[in-house]
Amino acid sequence: MRRHDRGHVFHHRRRVIRRRLGLAKFVLFGWRFFNEYLEWARKNSGRLSKWNLVCSCRLCRGPKYRDARAEEKRRWRREAGMGEA
């Protein structure tokens, strides 16, 4: 028995693509280049599915707690008077 049916898989694929297209609209193109965005989205929207995209850009992953953790530890050490060690 399969874990998910076909409709479930397609729903989540469309959801991920829609989210990444929305991010690309503002992060990569902005409002001034809307026509270029439409052309890019028409050509590349299928590549934004989570099974075809493997990178660590802002479009592919959300913020991670561990990314800000180093700065947080440095701040704690400074406040405690332990220096940058």
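One can find the structure itself at the top, above this paragraph.
The rules behind each value
Residues numbered from 1 in each chain as written. Predicted model: local features only at pLDDT ≥ 70, side-chain atom pairs only at ≥ 80, totals over all residues. Heavy atoms only, no water. Helix = DSSP H or I, 4+ residues; strand = E, 2+ residues; numbered from the N terminus. Buried < 20%, exposed > 50% of the residue type's maximum accessible area, 1.4 Å probe, protein only. Contact = heavy atoms within 4.5 Å. Areas by Shrake-Rupley, 256 points an atom, 1.4 Å probe, with all protein chains shown as cover. Core = buried A, V, L, I, M, F, W, Y, C linked by side-chain atoms within 4.5 Å. Axes fitted to C-alpha atoms, helices over the stretch in contact; angles between N-to-C directions. Parallel < 35°, antiparallel > 145°, perpendicular 65-115°, else oblique. Left-handed = near helix turned anticlockwise from the far one by under 90°. Salt bridge = Lys/Arg side-chain N within 4 Å of Asp/Glu carboxyl O.

S.K.: Can you explain the overall build of the chain? Please cite residues and give values.
M.R.: Per the secondary structure count, the chain includes three helices and zero strands. Secondary structure elements of the chain occur, N-terminal to C-terminal, as α-α-α. Scored against the burial criterion, the 85 residues of the chain give a buried share of 18%. Expressed as a percentage of contacts within the chain between residues at least 6 apart in sequence, the contacts between residues at least 24 apart total 52%. Split by element, the accessible area of the chain, about 7400 Å² in all, is 54% carbon and sulfur.

S.K.: Tell me about the nonpolar core, and please be specific about residues and values.
M.R.: By size, the foremost hydrophobic cluster in this structure holds six residues: Ile17, Leu21, Phe29, Tyr37, Ala41 and Leu48. Of all the secondary structure elements, the ones that give two or more residues to this core are α1 (6–29) and α2 (34–44). The dominant element in this core, judged by the number of residues it contributes, is α1, at three residues.

S.K.: Which residues make up the packing of α1 against α2, and what are the values?
M.R.: α2 packs onto α1 with a crossing angle of 140° between their chain directions and a minimal axis gap of 10 Å. Comparing their axes, α2 and α1 come out oblique. When the axes of α1 and α2 are compared, the crossing they make is right-handed. Of α2, the residues touching α1 (which contributes Leu21, Ala24, Lys25 and Phe29) are Phe34, Glu36, Tyr37, Trp40 and Ala41.

S.K.: Describe the pattern of salt bridges, and please don't skip the residues or the numbers.
M.R.: Counting across every chain of the model gives four salt bridges. Note that Glu39 and Arg42 form a salt bridge whose closest N and O atoms lie 2.7 Å from each other. In this pair, Glu39 and Arg42 both sit in helix α2, three residues apart, roughly one turn of the helix. In this structure, the salt-bridge partner of Glu39 is Lys43, at a minimum N-O distance of 3.8 Å. In this pair, Glu39 and Lys43 are both assigned in helix α2, four residues apart and thus about one turn of the helix distant. Overall, Lys43 belongs to the exposed group, its relative accessible area being 56%. If you follow the salt bridges from partner to partner, you end up with Glu39, Arg42 and Lys43 in one network.

Everything listed is a geometric property; what it means functionally is a separate question.
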